[in-house]
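Residue strings, one per chain:
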2 protein chains.
Amino acid sequence: MGKKVLIVGGVAGGASAAARLRRVDETAEIILFEKGEYISFANCGLPYYIGETIEERSALLVQTPEDMKKRFNIDVRVQNEVLSINREKKSIEVINLASGQKYEESYDVLVLSPGSTPLKPPIPGINNPNIFTLWNIPDTDAIKGFVDNLKPKRAAVIGGGFIGLEMAENLWDRGIQVSVIEMLDQVMAPIDFEMAQQVHAHLRQKGVDLRLSDGVKEFDYNNGVTTVTLASGAKVDAEIVLLSIGVRPQTQLAKDAGLELNERGGIVVDSTLKTSDPNIYAIGDAVEVMDFVQGIKAMVPLAGPANKQGRIAANNIAGASEEYKGTQGTSIAKVFDLTVANTGVNEKSLKRAGKAYGVDYWTSIIHSKSHAGYYPGALPMAFKLIFDNKGKVLGAQIVGHDGVDKRIDVIATAIRFGGTIEDLKELELAYAPPYSSAKDPVNMAGFTAENILKGDLNVIQWHEIEGLDSEKSVIVDVRDPVERELGYVGGSINIPVDDLRARHGELDKSKTIVVYCAVGLRGYIAARILKQLGFEDVRNLSGGFSTFQNVYC
Amino acid sequence: MGKKVLIVGGVAGGASAAARLRRVDETAEIILFEKGEYISFANCGLPYYIGETIEERSALLVQTPEDMKKRFNIDVRVQNEVLSINREKKSIEVINLASGQKYEESYDVLVLSPGSTPLKPPIPGINNPNIFTLWNIPDTDAIKGFVDNLKPKRAAVIGGGFIGLEMAENLWDRGIQVSVIEMLDQVMAPIDFEMAQQVHAHLRQKGVDLRLSDGVKEFDYNNGVTTVTLASGAKVDAEIVLLSIGVRPQTQLAKDAGLELNERGGIVVDSTLKTSDPNIYAIGDAVEVMDFVQGIKAMVPLAGPANKQGRIAANNIAGASEEYKGTQGTSIAKVFDLTVANTGVNEKSLKRAGKAYGVDYWTSIIHSKSHAGYYPGALPMAFKLIFDNKGKVLGAQIVGHDGVDKRIDVIATAIRFGGTIEDLKELELAYAPPYSSAKDPVNMAGFTAENILKGDLNVIQWHEIEGLDSEKSVIVDVRDPVERELGYVGGSINIPVDDLRARHGELDKSKTIVVYCAVGLRGYIAARILKQLGFEDVRNLSGGFSTFQNVYC
Ligand SMILES: Cc1cc2nc3c(=O)[nH]c(=O)nc-3n(C[C@H](O)[C@H](O)[C@H](O)COP(=O)(O)OP(=O)(O)OC[C@H]3O[C@@H](n4cnc5c(N)ncnc54)[C@H](O)[C@@H]3O)c2cc1C
Ligand SMILES: Cc1cc2nc3c(=O)[nH]c(=O)nc-3n(C[C@H](O)[C@H](O)[C@H](O)COP(=O)(O)OP(=O)(O)OC[C@H]3O[C@@H](n4cnc5c(N)ncnc54)[C@H](O)[C@@H]3O)c2cc1C
Ligand SMILES: CC(C)(COP(=O)(O)OP(=O)(O)OC[C@H]1O[C@@H](n2cnc3c(N)ncnc32)[C@H](O)[C@@H]1OP(=O)(O)O)[C@@H](O)C(=O)NCCC(=O)NCCS
Ligand SMILES: CC(C)(COP(=O)(O)OP(=O)(O)OC[C@H]1O[C@@H](n2cnc3c(N)ncnc32)[C@H](O)[C@@H]1OP(=O)(O)O)[C@@H](O)C(=O)NCCC(=O)NCCS
């Protein structure tokens, strides 16, 4: 018999570590402890089972204890909670939750993958009977049972993160009228404000009652209805409330054992995923990771990293010394008909870190079609690229209907290689009309970013328009007159791009000229013309009227 | 007035160069010569207009001469063919095809983007009235007019490349019974034989009469019907024949001017896209490029490279010295319900270059789902990865229904950065159930490749099975008994993977053990078990029974 390896937590990180360890070491004794009833379940699928997109409950159970035994010869103990770790004795204390019996188990190596747990702040009324959080199979059964049996008409989702919005969609799919309540001024925190606007518009268009910049003050339960009172005083009534305002690492066990934790309770690990105790590894939501782009410490509770870390920890237990190089926070969510995705750093966090736009970093927003415009079904996506002074890609955010996942994955890949906007220009991506354009949106993002960085194109951001001095600047709408009928930037004059060579005399060279079109392309061409005609300060509205409109109209 | 720049060819490369040049140089005099009636048309969309997926002919015309004048102040001369170049005088001779008038035009810089032209070998009867090639708008009008008016019942497509197969699909969409005739033993030359099998099966399933390994001997026209006689003696009757057996660069002009050409007639350019004459640039299908992966010279007639080269040439004319770093041949095609894509080098060309499997390069075939299996609509894709001894990714081929374009683009990006299979393992791609799995197929390809390269997994390729010595080897099907009902490898015995720990005594340790399952995953687990139990020579069938079956069943 080889090493005795105990694993705490039987889902994403833990089960992956167990399976991989068996493949690299047939002789190890592997015991997997899971306090819940289920292992290896599809956390990420839970909302879709409630919404009945996933029809069979069994589909959520990717592996069972029996199959893990048969295939991997792993001793899986569900309903067995690990209570404490005795690091000196190298043993753990376990309680069998079914029998109530406690026992000890010794280890050579211990792996912690306890995950996180939904935040439940002490808001008055938070324990009302119709307030739920969603994290595991029992939660799912409870919520689905409630919806199936009590047929609530109104739901309040507290928190506009990806789980909140997935739940909003899935409750809506069940015919429930949904309110989403978010304390910040935007949903989907990983993307920036102007990018989230499109999500807000889409949610509202679907009939979701979206309440931004308003937190929950209290919950009052009355005869099957919870009244959610907001900080603003507004009240929202709902027969079911879903709380999804964030998670925290489930690390009491690690803390009690004296393992090093960070200030957010995350387990500190080295690059080989070892904790401060050389016989204990930790992985998944519970650990602090390196932010791949910024090189600072971070907590990123996502399934991809958890699965990969599980594999690396297993390799290292079996003798390798593989490193986990960090997490870049690539994430994606389906929000009704939209796809919202991001990778790397966003502008908000750069600002928070004290970085200045136009000095430390730059951004570019384009609106590209998912595939060749002449082939049916091409749909636009808003694509924000963030890059530093040397052109290094720091992050990207994309919101659209189709092909969003592809472009975010390409950027995520480029970021992994430390790629620059030069590299994006050159990427040779697959082109045929149903799939892309000869210049893919990723190439286009690279071109536009390069033009900005080289100074061939000066841009102005949507939020800078308000601050323009109308004495010293003029805003020129270079679209066709008919396009103005659906809205325009207040105070702008109209000279279509194709008339600019003939009509530039109408503009004052001593002023700042702000040009804009629908998405930025014609504005760019206009800016190039004016600049070369001797206008010194010409700026193109980044993302064009589309982005501006998302925020202001 | 700035430089006078003449551009020959007004479509992908030429029009892109012209537009970009104007953006970087407002003062240049730019004249675009196009011998055809149209510029900037969507070559790649032509088949879909014939098939009526693209409904409006006008959608094919991305730009018109009038608009190029208005927006970019470019003098576009359609139906003006450039007849010769006088390099000494720095002038060209042009014929206005409408008026028959010839004239001269001087240049400071000349750009050649003449593209290629379909091959039409001297096969008897090749000029029959119902034999077409497809390259431009007039070709399209002719073919569509023929189909609309004469309503052919049977079509013969000669050549199974991407244009041939796109035409097969689009003619089929018009209700025509289609035969595809291909001289090689497979369609879609950029992918390898075993990967093409799935395409063959799909074509046949759609009712396409597919004739492989059979060339055309002659065409006989009789009363509206062309009888295609094949080398084998077989005959195919068709009211319409579409010839798409390849292209050659249209470089007579360059040749007559004494510019350096390669042996295939491609214009030789340096990395800045300059020809052997410093005042002449050349781009697009007509030029020889560097194969990005192999570092050898190649001809790659694709729109992405042509567009990008156009932009680079324009930059260089305006004073930059930007380099075109090579073409990796990323391409994709929709073939009925399948997507077929590749990037980098294939195994055939490695073999042709004298490289040996298992010495110079390795391959791995996996079958992954397009997204999480528990979320509806997940469809399998066959994914072949090719990598060298150091793990460097050389190429990939993917055939599937959904998400193929995304994975090929990720691999294409990794190749661009010189990425390895280690890198593929670590890529942090966007995961939510509708889009991917926590371990994306690209990660999975990386894992599997690593296992092969490290020797943790020895694989056997589908074509090696036949050569096994049955005295010295045993083939073990590790699937469940019920899965054998739909077929199995001849001579295999059945021990399900989950029984292997108990039943390995039934196997002879002195023999080569070949294991296989449906796709390779359980076979891999079985191989790991046996190997660690002391079996010395265990090999897993790469791609499993799926790949084997594609070829043999
Ligand atoms: C509704 C929902 C949707 C999600 N969607 C996505 C998505 O689309 N994409 C994405 O990347 N991520 C998603 N996630 C996040 C993802 O599921 C987690 O990041 C991932 O599961 C973390 O893996 P882990 O192993 O760290 O923790 P978990 O998978 O949560 O597993 C931890 C397990 O440890 C057990 N445990 C804890 N302490 C003990 C103890 N003392 N003794 C015994 N057992 C213990 C817990 O019961 C739990 O089952 C989603 C999560 C949820 C809840
Ligand atoms: C049906 C079809 C489908 C395709 N699908 C795809 C696809 O899905 N993906 C992809 O990447 N590629 C595809 N391609 C290939 C792609 O269109 C070409 O690679 C690309 O157009 C090459 O650009 P180019 O500028 O070199 O040549 P072209 O775009 O062909 O332009 C060359 C132009 O030069 C003109 N010309 C030549 N000589 C002279 C002269 N002496 N005087 C004046 N004019 C001249 C020609 O008339 C021609 O219009 C497809 C091509 C076809 C025909
Ligand atoms: C189910 C679970 C235990 C599977 O773990 P796993 O066995 O490591 O993962 P997979 O079944 O995907 O198999 C991956 C292995 O198959 C190998 N493989 C895949 N396809 C293969 C093929 N065609 N040929 C050979 N090997 C193949 C891979 O190389 C990898 O093996 P390795 O890690 O030893 O290199 C674990 O992923 C889990 O619990 N998942 C559910 C929980 C979860 O992740 N939740 C969050 C997301 S909803
Ligand atoms: C139509 C055609 C002339 C367009 O050329 P083009 O103007 O270079 O290309 P696009 O219209 O895509 O515009 C790209 C430019 O817009 C810029 N751009 C795009 N979106 C932008 C935005 N939102 N804000 C600012 N700039 C933007 C890009 O940076 C790029 O400019 P640059 O090259 O100066 O950096 C040329 O592509 C063509 O002829 N195509 C049809 C033929 C063909 O390609 N056939 C084969 C495929 S079917």
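Scroll up for the structure.
Every value quoted in this text rests on a predicted model; they were computed, and no experiment measured them.

Bringing the overall build of chain A into the picture now. The secondary structure content of chain A amounts to 15 helices and 30 strands. Against the 2.2 N^0.38 benchmark of 24 Å for 553 residues, chain A shows a C-alpha radius of gyration of 27 Å, consistent with a compact globule. Referenced to the eigenvectors of the C-alpha coordinate spread, the extents of chain A come out at roughly 90 × 60 × 45 Å. Contacts spanning at least 24 positions in sequence make up 62% of the contacts within chain A whose residues lie at least 6 apart. The average position of the 60 basic charges and that of the 71 acidic charges among the side chains of chain A differ by 1 Å.

On to the sheet that holds strand β13 (residues 216-222) of chain A. All names here are of chain A. Strand order in this open sheet of three strands is β13-β14-β15, and the pairing throughout is antiparallel. The open sheet terminates on both sides in strands that have one partner only, identified here as β13 and β15 (235-238). Taken pair by pair, the neighbouring strands of this sheet meet at an average axis angle of 20°, ignoring direction. Where strand β14 (residues 225-230) meets β15, four bridges bridge the pair, whose relative direction is antiparallel. Note that in β15 the partner of Thr226 across the bridge is Ala238.

For the rest of this paragraph, the subject is the site of ligand 2. Neighbouring residues of ligand 2: 32 residues in total, closest Gly13, Glu34, Ser113, Asp285 and Ala303 of chain B. Each of chains A and B places residues next to ligand 2. A distance of 2.7 Å separates an oxygen atom of ligand 2 from a polar atom in the side chain of Asp285 of chain B. Look at ligand 2: alone it shows 990 Å² of surface, and the protein chains cover 96% of it.

When the parts of a complex come together, some accessible area is lost, and that lost area is often used as the size of the interface. Contact with chain B, which involves 79 residues of that partner, is made by 79 residues of chain A. Contact between chain B and chain A buries roughly 7400 Å² in total, counting both sides, with carbon and sulfur atoms accounting for 56%. Where chain B packs against chain A, one counts 16 salt bridges. Close ionic contact of Glu450 of chain B with Arg311 of chain A constitutes a salt bridge, the shortest N to O distance being 3.3 Å. The greatest single-element share of the side of chain B that touches chain A, amounting to nine residues, is contributed by helix α10 (residues 404-416) of chain B. For the side of chain B that touches chain A, the class distribution of residues is 35 nonpolar, 18 polar and 26 charged.

Of all hydrophobic cores here, the largest spans 104 residues; its most connected members are Leu385 of chain A together with Leu112 of chain B. If we skip the residues at most four places from it in the chain, Leu385 of chain A touches Trp362, Thr363, Ser364, Val393, Gly395, Ala396, Ile411, Ile421, Leu424, Ala445 and Ala449 of chain A.

Residues and elements named next belong to chain A. If you check helix α1 (residues 12-24), its first and last C-alpha atoms are 18 Å apart, about what 13 residues at 1.5 Å a residue would give, namely 18 Å. Of all the 13 residues making up α1, 11 are buried; the element is thus mostly covered by neighbouring parts of the structure. Taken as a whole, α1 has its buried residues at Gly13, Gly14, Ala15, Ser16, Ala17, Ala18, Ala19, Arg20, Leu21, Arg22 and Arg23.

Glancing now at the sheet that holds strand β25 (residues 393-400) of chain B. All names here are of chain B. Judged by pairing direction, the sheet is antiparallel, and its five strands sit side by side in the order β21-β22-β25-β24-β23 without closing on themselves. Strand pairing shows two members of the sheet lacking a second neighbour, β21 (331-335) and β23 (361-369), which therefore form its edges. Adjacent strand axes in the sheet meet at a mean angle of 10° when their direction is disregarded. Pairing of strand β24 (residues 380-388) with β25 involves seven bridges; the strand directions are antiparallel. The residue of β25 that forms the bridge with Leu385 is Ala396. Of the strands in this sheet, β21, β22 (338-344), β24 and β25 are in contact with α10, which crosses β25 at around 175°. Lying on the sheet, helix α12 (residues 441-453) is in contact with β23 and β24; it crosses β23 at an angle near 140°.

All names here are of chain B. Burial of the side chains of strand β16 (residues 240-243) extends over both faces: Ile240 and Leu242 are buried on one face and Val241 and Leu243 on the other. Both strand β10 (residues 154-158) and β16 contribute to a ladder of four bridges, which runs parallel. Paired with Ile158 across the two strands is Leu243, which belongs to β16.

For the rest of this paragraph, the subject is the relation of the copies chain B and chain A. Structural alignment of chain B on chain A gives an RMSD of 0.0 Å, achieved by rotating through 180° and translating 0.0 Å along the axis. The superposition operator between the copies reduces to a two-fold rotation axis. Taken as a fraction of all interface residues of chain B, those also at the interface in chain A reach 100%, which identifies the copy contact as same-surface.

This paragraph deals with the site of ligand 1. The environment of ligand 1 is formed by 31 residues, the closest being Gly13, Glu34, Ser113, Asp285 and Ala303 of chain A. Between ligand 1 and Tyr431 of chain B, the relevant distance is 2.9 Å, taken from a nitrogen atom to a main-chain nitrogen or oxygen of the residue. Coverage of ligand 1 by the protein amounts to 96% of the 1000 Å² it exposes when considered alone. When contributions to the shell around ligand 1 are tallied by element, the ones reaching two or more residues are α1, β2 (29-34), β4 (80-86), α5 (162-173) and α8 (303-317) of chain A.

Under the counting rule described, the total for this entry stands at 21 aromatic pairs over all chains. Judged by centre distance (5.1 Å) and plane angle (0°), the rings of Phe417 of chain A and Phe417 of chain B are stacked. In this pair, Phe417 of chain A sits in the loop between α10 (404-416) and α11 (421-426) while Phe417 of chain B sits in the loop between α10 and α11 (421-426), so the two residues belong to two different chains. Of the residues examined, Phe417 of chain B reaches a relative accessible area of 21% and is grouped as partly exposed.

We now examine the side chain of Arg311 of chain A. By the element assignment, Arg311 of chain A lies in helix α8. A polar contact is formed between the side chain of Arg311 of chain A and the side chain of Glu450 of chain B, at a distance of 3.3 Å. Discounting chain neighbours no more than four positions away, the residues touching Arg311 of chain A are Arg20 of chain A together with Lys425, Phe447, Glu450 and Asn451 of chain B.

What follows concerns the pairing of β4 of chain A. Residues and elements named next belong to chain A. In this structure, β4 lies alongside strand β5 (residues 91-96), joined through six bridges in antiparallel fashion. What sits directly across from Ser84, in β5, is Glu93. As consecutive antiparallel partners, β4 and β5 are separated by four residues, and within that stretch Lys90 has a phi angle of approximately 55°, a positive value.

Cut-offs and rules
- Residues numbered from 1 in each chain as written.
- Chains lettered and ligands numbered in written order.
- Predicted model: local features only at pLDDT ≥ 70, side-chain atom pairs only at ≥ 80, totals over all residues.
- Heavy atoms only, no water.
- Helix = DSSP H or I, 4+ residues; strand = E, 2+ residues; numbered from the N terminus.
- Rg over C-alpha atoms; globule rule 2.2 N^0.38 Å.
- Contact = heavy atoms within 4.5 Å.
- Lys, Arg positive; Asp, Glu negative; His and termini not counted.
- Charge placed at Lys NZ, Arg CZ, Asp CG, Glu CD.
- Pairing = 2+ DSSP bridges.
- Axes fitted to C-alpha atoms, helices over the stretch in contact; angles between N-to-C directions.
- Near = heavy atom within 4 Å.
- Polar contact = N/O pair within 3.5 Å; in protein donor to acceptor, adjacent residues only side chain to side chain.
- Areas by Shrake-Rupley, 256 points an atom, 1.4 Å probe, with all protein chains shown as cover.
- Buried area = accessible area lost by both parts, 1.4 Å probe.
- Salt bridge = Lys/Arg side-chain N within 4 Å of Asp/Glu carboxyl O.
- Nonpolar A, V, L, I, M, F, W, Y, C, P; charged D, E, K, R; others polar.
- Core = buried A, V, L, I, M, F, W, Y, C linked by side-chain atoms within 4.5 Å.
- Buried < 20%, exposed > 50% of the residue type's maximum accessible area, 1.4 Å probe, protein only.
- Expected span 1.5 Å × (residues − 1).
- Least-squares fit on C-alpha atoms with pLDDT ≥ 70 in both.
- Phe/Tyr/Trp six-rings, centres within 6.5 Å; stacked < 30°, edge-to-face > 60°.

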